[in-house]
Amino acid sequence: EQTLNEHLGQLKERLVLELTVVRTHHIETDYGTKAIVSMRDNDGRSVVWFGTSDRAIGAQVGDKFTGKATVKAHEEYNGIAQTVITRGTFKVA
């Protein structure tokens, strides 16, 4: 699995993305279920979506999403650059 260790876009930039789900995790909060969806773009860059939509909560490993999202943060996790996105409007590709 190819990994390109760089961030995607600029903070607050709205991007059109094609992403593949590589891992999901769910957290129960006082406000309902929150999904942490880890994905990769076609170049192998790491993207994380903390979503509450049905699309995020129902995401499965291997799902391919296309759509738009806003860059919320550029972070690092286990030495790998990851881009945190928000306001994702995705459909299954």
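The coordinates are above.
Rules used in this analysis
- Residues numbered from 1 in each chain as written.
- Predicted model: local features only at pLDDT ≥ 70, side-chain atom pairs only at ≥ 80, totals over all residues.
- Heavy atoms only, no water.
- Helix = DSSP H or I, 4+ residues; strand = E, 2+ residues; numbered from the N terminus.
- Buried < 20%, exposed > 50% of the residue type's maximum accessible area, 1.4 Å probe, protein only.
- Contact = heavy atoms within 4.5 Å.
- Salt bridge = Lys/Arg side-chain N within 4 Å of Asp/Glu carboxyl O.

*Asks:* Where do I start with the environment of Ala59 in this structure?
*Replies:* Its location among the elements puts Ala59 in the loop between helix H1 (54-57) and strand E4 (64-77). Residue classification places Ala59 among the buried residues on the basis of a relative accessible area of 2%. C-alpha separation for the pair Ala59 and Val21, spaced 38 residues apart in sequence, amounts to 7.3 Å. Setting aside residues no more than four positions away along its own chain, Ala59 makes contact with Val21, Thr24, Val37 and Phe65.

*Asks:* Looking at this structure, how should I read the pattern of salt bridges?
*Replies:* Side-chain pairs of opposite charge can arise where the charged atoms are in close proximity. Applying the stated criterion across every chain yields a total of 3 salt bridges. Close ionic contact of Arg45 with Glu6 constitutes a salt bridge, the shortest N to O distance being 2.9 Å. Residue Arg45 is located in the loop between strand E2 (32-41) and strand E3 (46-51), and its partner Glu6 is located in the segment before strand E1 (14-29); the two are separated by 39 residues in the primary sequence. Classification of Arg45 as buried rests on a relative accessible area of 14%. With a shortest N-O distance of 3.1 Å, Arg45 and Asp43 are connected by a salt bridge. Linked through salt bridges whose partners overlap, the residues forming this network are Glu6, Asp41, Asp43 and Arg45.

So far we have only geometry, and geometry alone does not tell us how the molecule works.
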